[in-house]
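Here is what each chain is made of, one letter per residue.
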Amino acid sequence: MSILVTGGTGYIGSHTCVDFIEKGKEVIILDNLSNSKAEVVDYIEQITSVRPKFYEIDLLDRDGVKKVFDENDIDTVIHFAGLKAVGESVAKPVEYYHNNITGTLNLLFEMRDHNCFNLVFSSSATVYGKPESVPIREDFPLSTTNPYGTTKLYIERILEDLCIADDRFSVVLLRYFNPIGAHESGLIGDNPNGIPNNLMPYVTRVAKGKLPHLNVFGNDYETHDGTGVRDYIHVLDLASGHFSALKALEKRGVSVYNLGTGNGYSVLDIVNAFERVNGIRIPYQITERRKGDIAECFADASKAERELGWKATRGLDEMCASAWNFEKIH
Ligand code: NAD
Ligand code: UFG
């Protein structure tokens, strides 16, 4: 039996494919390449010596999705495919709802038609909205502040309703905190098109001289140095969290886990660590707060450790070194 990885040529998906292949799983990738490149399949092959089957198909093309299930024995889906830029989602809500929600519905129809009932879904800490306290536990209230976040929350609800209606389904919702870093080969990593929205790819592009300086969005938050605090997790730790999550699929119904480290680092902590580890200065300017940002967001990740035996092991230095190694090569 094979595992279908939607969005498998993307940032987190490609690292997860490598992890699964190295652990002996057969993966099949489906991606429409809207935010990734076909070469990623070559890189996965270079790293693992196994070339996964790749379908360049859009989840919005239901016949295309059907063909993938018709041609393969798929028993589990790891569903990464989706649009993820918060600002763009505010400007193009209909496109975001259509891509993320209709794409997921097409996937669910074809899974059901092909007796495939195991799904791991890429959710996000964004579903906690503005949390009242940190660290954030899975049972905290859910809300959203932008259409991207709302697609994640709606999909979580759809999957819960599906599991109530059809007890053959097992679904794991993984709420990711802030993945950064890259595979040690430097072949795969976070490679956003255009000007990056997220902190680490912005920092690496400043380091490379492609951007003049980092804008630090606010230094008047109630945090230890006034800049925003987040739970940065090495993408390889996040990837291995998916493998651990397979265990939770043995139980019917919906399970939910935070995937984070439980540590919070500020923007300036990241800048300082990056400079120290890589020996490169990152010029920065303090600017206005970014609309919608919160002061602090970090996980209580103890449920995943308790129930899945999963824990992030890589530290901030490794995250900064690998992110720069990737940027240098690309
Ligand atoms: P990414 O953009 O690198 O990967 C997503 C992949 O999905 C891309 O390769 C894209 O081409 C593909 N895709 C998008 N729409 C598609 C469609 N309709 N049909 C087929 N393929 C499609 O993003 P990522 O950082 O690897 O994120 C993966 C998942 O994790 C996303 O669902 C994202 O929302 C979620 N997530 C990411 C973060 C983060 O900080 N990176 C945090 C929380 C949650
Ligand atoms: N930041 C800057 N300058 C930048 C970019 C970011 O100062 O150029 C700051 C932000 O204000 C924030 C921190 O760096 O304090 C992290 O910002 P990111 O944009 O990297 O990450 P966010 O926490 O805002 O959001 C990310 C994803 C969301 C996801 C969330 C999960 O973009 O989609 O992590 O925790 F939902």
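Calculation notes
Residues numbered from 1 in each chain as written. Chains lettered and ligands numbered in written order. Predicted model: local features only at pLDDT ≥ 70, side-chain atom pairs only at ≥ 80, totals over all residues. Heavy atoms only, no water. Helix = DSSP H or I, 4+ residues; strand = E, 2+ residues; numbered from the N terminus. Buried < 20%, exposed > 50% of the residue type's maximum accessible area, 1.4 Å probe, protein only. Polar contact = N/O pair within 3.5 Å; in protein donor to acceptor, adjacent residues only side chain to side chain. Contact = heavy atoms within 4.5 Å. Axes fitted to C-alpha atoms, helices over the stretch in contact; angles between N-to-C directions. Parallel < 35°, antiparallel > 145°, perpendicular 65-115°, else oblique. Left-handed = near helix turned anticlockwise from the far one by under 90°. Nonpolar A, V, L, I, M, F, W, Y, C, P; charged D, E, K, R; others polar. Near = heavy atom within 4 Å. Areas by Shrake-Rupley, 256 points an atom, 1.4 Å probe, with all protein chains shown as cover. Arc of directions from axis to C-beta.

Q: Got a sec to walk through the side chain of Thr223? Specific residues and values, please.
A: Residue position: Thr223 is located in the loop between strand S8 (214-217) and strand S9 (229-230). A residue is classified by how much of its surface remains accessible, and Thr223, at 15% relative accessible area, is buried. For Thr223, the side chain forms a polar contact with the main-chain nitrogen of Gly226, separated by 3.0 Å. Those residues within four positions of Thr223 in sequence are excluded, and the remaining contacts are Val229, Ala295 and Glu296.

Q: Residues and numbers for the packing of helix H9 (residues 267-278) against helix H11 (residues 316-329), please.
A: The packing of two helices is summarised by the inter-axis angle and the distance between the axes. For the pair H9 and H11, the least separation of the axes is 9 Å and the interaxial angle reads 70 degrees. In this view, H9 runs roughly perpendicular relative to H11, as classed from their interaxial angle. Note on packing geometry: the crossing formed by H9 with H11 is right-handed. Facing H9, whose interface residues are Asp269, Ile270, Ala273, Phe274, Arg276, Val277 and Asn278, H11 presents Leu316, Asp317, Cys320, Ala321 and Trp324. Taken together, the residues that form the contact of H9 with H11 break down as eight nonpolar, one polar and three charged.

Q: Could you give an account of helix H7 (residues 199-207), naming the residues involved and the relevant values?
A: An α-helical turn contains 3.6 residues, so a residue and the one three or four places further along point in the same direction. Where burial is concerned, most of H7 is hidden: nine out of the nine residues are buried. Residues of H7 that are buried: Leu199, Met200, Pro201, Tyr202, Val203, Thr204, Arg205, Val206 and Ala207. Packed against the buried residues of H7 are strand S7 (178-180), S8, strand S10 (232-234), H9 and H11. Backbone geometry just downstream of H7 places Gly209 in the positive-phi region, at approximately 85 degrees.

Q: Which residues make up the site of ligand 2, and what values do they have?
A: In the vicinity of ligand 2 lie 21 residues, with Ser124, Asn215, Arg230, Arg290 and Asp293 positioned nearest. Note that an oxygen atom of ligand 2 is positioned 2.7 Å from one of the side-chain N or O atoms of Arg230. At 2.6 Å, a side-chain N or O of Asp293 approaches an oxygen atom of ligand 2. Coverage of ligand 2 by the protein chains reaches 89% of its 690 Å² of free accessible surface. At the level of elements, H7 and S8 are the ones that each hand at least two residues to the shell around ligand 2. Of the residues assigned to the shell around ligand 2, the class counts are eleven nonpolar, seven polar and three charged.

Q: Give me the lowdown on the site of ligand 1, citing residues and values where you can.
A: Taken together, 28 residues form the shell around ligand 1, and within it Asp31, Asn35, Ser36, Phe80 and Tyr148 come nearest. In the model, an oxygen atom of ligand 1 is placed 2.7 Å from a nitrogen or oxygen of the Phe80 main chain. With respect to ligand 1, the side chain of Lys152 contributes an N or O atom lying 2.8 Å from an oxygen atom. The protein chains hide 95% of the 820 Å² of surface that ligand 1 would expose on its own. Looking at the shell around ligand 1, the elements that each hand over two or more residues are helix H1 (11-22), strand S2 (27-31), strand S5 (118-124) and helix H6 (147-165). Broken down by element, the shell around ligand 1 gets its largest block of residues, three residues, from S5.

Q: Give a description of helix H3 (residues 62-71) that names residues and reports values.
A: Among the residues making up H3, those that are buried are Gly64, Val65, Val68 and Phe69. Angular distribution of buried residues about the axis of H3 spans 140 degrees; they occupy a single face of the element. Packed against the buried residues of H3 are strand S1 (2-6), S2, strand S3 (53-56), strand S4 (74-79) and helix H5 (93-113).

Q: So what about unusual backbone geometry? Which residues, and what values?
A: With omega at 0 degrees, the peptide bond leading from Val134 into Pro135 counts as cis. Mapping Pro135 onto the fold places it in the loop between S5 and H6. Although it is not a glycine, Leu33 sits at a positive phi angle of roughly 60 degrees. Position of Leu33 among the secondary structure elements: in the loop between S2 and helix H2 (39-48). The backbone of Ser49 sits at a positive phi, close to 65 degrees, despite the residue not being glycine. Mapped onto the elements, Ser49 comes out in the loop between H2 and S3. Judged by its relative accessible area of 64%, Ser49 is exposed.

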